[in-house]
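Reading the structure
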Amino acid sequence: MKWRKLVQVFILTNPNLKANVAEALFYFIDYLLYLPDELTKQLTKDLSINIEKEAKHMLYSEKLKEAHLQNI
């Protein structure tokens, strides 16, 4: 997951965090973000549907913008 790598880099490159604090943060974040398998599947399904809808909306918006620019 991209977000995990970003958080990892942020934590590991933060000079104000000691190693034991960084490790504790990783465990805490993993604990907060844990979802049972069934909920993970449902979340993935819901996000896929929303992402698909958003992609269609963005495509439609781009077409409208192009049409508007051509009419100027």
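Now for a look at the structure at hand. (Residues numbered from 1 in each chain as written. Predicted model: local features only at pLDDT ≥ 70, side-chain atom pairs only at ≥ 80, totals over all residues. Heavy atoms only, no water.)

1. Digging into the overall build of the chain
- From N to C terminus, the chain includes 3 helices and 0 strands.
- Mapped in sequence order, the helices and strands of the chain form the string α-α-α.
- Relative to its length of 72 residues, the chain is extended, with a C-alpha radius of gyration of 20 Å against a globular reference of 11 Å.
- Projecting the C-alpha coordinates of the chain onto the three principal axes gives extents of approximately 60 × 35 × 15 Å.
- A total of 72 residues make up the chain; the buried ones form 4% of that total.
- Here the chain displays about 7000 Å² of accessible surface, and carbon together with sulfur accounts for 64% of that area.
- Both charge centroids of the chain, one from 10 positive and one from 9 negative side chains, sit 3 Å from each other. (Helix = DSSP H or I, 4+ residues; strand = E, 2+ residues; numbered from the N terminus. Rg over C-alpha atoms; globule rule 2.2 N^0.38 Å. Buried < 20%, exposed > 50% of the residue type's maximum accessible area, 1.4 Å probe, protein only. Areas by Shrake-Rupley, 256 points an atom, 1.4 Å probe, with all protein chains shown as cover. Lys, Arg positive; Asp, Glu negative; His and termini not counted. Charge placed at Lys NZ, Arg CZ, Asp CG, Glu CD.)

2. Brief notes about the packing of helix 1 (residues 2-13) against helix 2 (residues 19-33)
- At a closest axis distance of 10 Å, the pairing of helix 1 and helix 2 adopts a crossing angle of 155°. The angle between the axes of helix 1 and helix 2 places the two elements in the roughly antiparallel class. The element helix 1 and its partner helix 2 pack so that their crossing is right-handed. Across from W3, R4, V7, Q8, I11 and L12 in helix 1, the residues of helix 2 making contact are A22, L25, F26, I29, D30 and L33.
- For the contact of helix 1 with helix 2, the residue count by class is 9 nonpolar, 1 polar and 2 charged. (Axes fitted to C-alpha atoms, helices over the stretch in contact; angles between N-to-C directions. Parallel < 35°, antiparallel > 145°, perpendicular 65-115°, else oblique. Left-handed = near helix turned anticlockwise from the far one by under 90°. Contact = heavy atoms within 4.5 Å. Nonpolar A, V, L, I, M, F, W, Y, C, P; charged D, E, K, R; others polar.)

3. Here's the deal with a nonpolar patch on the surface
- Nonpolar side chains collect at one region of the surface, where W3, F28, Y31, L32 and L33 lie side by side and expose about 580 Å² of accessible area between them.
- Structurally, L32 is set in helix 2. (Patch = residues over 30% accessible without salt bridge, like charges linked within 9 Å, V, L, I, M, F, W, Y side chains within 5 Å. Salt bridge = Lys/Arg side-chain N within 4 Å of Asp/Glu carboxyl O.)

4. Overview of the side chain of N14
- Tracing the chain through its elements places N14 in the loop between helix 1 and helix 2.
- N14 sits in the buried class, given a relative accessible area of 18%.

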